[in-house]
Amino acid sequence: MSSAVPLPECWGHRGASAAFPENTLASFEAAIREGADGIESDVHVSVDDVVVMFHDPALNRTTNGQGLIREQRWHGADGMEHLRTVKQPPQAIPTFAETVALLMRTENRHVKFNVDVKAQNHPARLFALMHKIISSHDNWETDLAPRIVLGLWHPTFIPHAKTVLPYLRRSYIGEDLSIARKYFWDNVEVFSMKFDVLATVNGEKKDCQATGKKLMVWTVNDAEYMIEAARWNIDVIITDVPKTWLELRSALQVDYKKVIAQHSRLFLWTNWKFYTPFQILDRQATHRDLEIAAGPFPTVDSFMSAPLVGLSKA
C-alpha cells in the first residue's frame with residue numbers, strides 16, 4: 001500500500017554529524033551521499049574576514065584549537081586553516097566558500113542549504129561577505145540562491161538580511177513561539193523550530209500551513225520523534241542521522257499506516273522536556289543568551305526602522 005501522504009524532506013544537521021565530525025566537508029558529503037535533500041550548518045567570521053562553518057563561537061569543543069573564532073585569523077602560520085577536529089577522522093574547518101563550491105558541483109545542484117546565522121556575528125559584515133561569495137558563481141541567481149535559507153535567531157538581523165541578501169529566503173530559528181509571531185511572522189518564509197516546542201502545540205503548525213509558510217523541526221534523531229514529525233505534515237526534518245529518516249521515509253512511502261502504527265507516542269508524556277515548566281526555563285535561558293550575544297530585543301516598531309550602519313554589498 002503506497003502512501004500519497006506528503007512526507008518531510010531530510011536535511012543533515014551539520015551534515016551527517018552522528019557519524020562524521022560536525023560541520024566538515026566530510027560530514028556534508030556523507031549526508032549528500034546518503035540522499036539528504038539538504039544540509040544545515042552554522043557561520044562565524046574570522047578576524048581576516050573569512051566566513052567559516054562552525055557551530056560554537058569558540059574552537060575548544062570540537063577542534064585542537066582554542067579561543068573565540070572572531071579573535072582568530074584564518075590565514076597564516078597560526079591560522080585556523082591548520083586546525084583539525086578532535087572527532088575522528090580528523091577534518092579541517094571548512095569555509096563558507098568551500099561549502100558553496102561543494103553545492104555548486106554538477107552532482108549536488110539539487111541539495112538545499114540552511115545557513116544558521118549565530119547571534120555572535122555582526123550581521124552587516126557577515127552578510128556582505130556571504131553576498132560576495134554567493135554572487136561570484138556563474139548563474140548564482142538561478143542555480144544557487146534559491147537553494148539557500150538564511151536562518152535568523154535575533155530580530156535585529158532581519159533588516160540587514162533584507163538589505164544585503166534580499167534574494168535569500170529567510171527563516172526564524174528558535175524555540176519561542178511568541179517571538180516567532182511578534183518579530184518574524186511577516187519577515188520570513190520559513191520557521192525552523194525546536195521539535196520539543198511543536199510537540200505540545202497544534203495551532204502554530206496549522207497557521208504555518210494555512211499561510212504557505214514552510215516548517216522545519218530540529219534536531220530529530222529518534223525514530224519515534226521522526227514519525228511524530230511526519231504526523232504533523234511538516235516540510236523538513238533536520239537530523240544528525242539522515243540515513244535513519246531516509247530509511248523510515250522509504251518505509252512510510254510503501255505502507256504509511258503500518259509504519260505509523262508501529263511507533264508509540266508515549267514519549268510525549270514520559271519525557272520531562274515536553275512539559276511546560278521545563279520549556280519555559282529553556283526558552284528563558286536561550287533568550288538570555290541571545291541578548292548577551294546580540295543585545296536586547298527591540299520594540300517591534302523600532303527594529304525595522306533603525307538605521308543600518310556599515311552596510312555594503314562590495
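Here the structure is a predicted model, which is why all the values come from computation and not from measurement.

Student: Just give me the short version of the overall build of the protein, but keep the residues and values in it.
Tutor: The secondary structure content of the protein amounts to 14 helices and 9 strands. Oriented by its inertia axes, the alpha-carbon framework of the protein measures out at about 55 × 45 × 40 Å. By the burial criterion, 53% of the 314 residues in the protein qualify as buried. Within the protein, contacts between residues separated by at least 24 positions form 62% of all contacts whose residues are at least 6 apart in sequence.

Student: Outline the pairing of strand S8 (residues 214-218), supporting the account with residue identities and numerical values.
Tutor: A large share of S8 lies buried, amounting to 4 of its 5 residues. In the sheet, S8 pairs with strand S9 (residues 236-239) via 2 bridges, with the strands oriented parallel. Bridged to Met216 within S9 is Val236. In this fold, S8 hands off to helix H9 (residues 223-231), which returns the chain to S9; that crossover is right-handed.

Student: Requested: an account of the packing of aromatic side chains, with residues and values cited.
Tutor: Going through the model one piece at a time under the given rule, you end up with 16 aromatic pairs. Centre to centre, the rings of Phe96 and Phe113 are 6.1 Å apart; their planes meet at 20°, and the pair counts as stacked. Of this pair, Phe96 sits in helix H2 (residues 96-103) while Phe113 sits in strand S4 (residues 112-117), and the two are 17 residues apart along the sequence. The same class applies to Phe96 as to Phe113, namely buried. With a centroid separation of 4.7 Å and 65° between ring planes, the pair formed by Trp140 and Tyr167 is classed as edge-to-face. Highlighted residues: Trp140 in helix H4 (residues 140-143) and Tyr167 in the loop between helix H5 (158-164) and strand S6 (169-174), separated in sequence by 27 residues.

About the thresholds
Residues numbered from 1 in each chain as written. Predicted model: local features only at pLDDT ≥ 70, side-chain atom pairs only at ≥ 80, totals over all residues. Heavy atoms only, no water. Helix = DSSP H or I, 4+ residues; strand = E, 2+ residues; numbered from the N terminus. Buried < 20%, exposed > 50% of the residue type's maximum accessible area, 1.4 Å probe, protein only. Contact = heavy atoms within 4.5 Å. Pairing = 2+ DSSP bridges. Right-handed = clockwise from strand over helix to strand, strands pointing away. Phe/Tyr/Trp six-rings, centres within 6.5 Å; stacked < 30°, edge-to-face > 60°.

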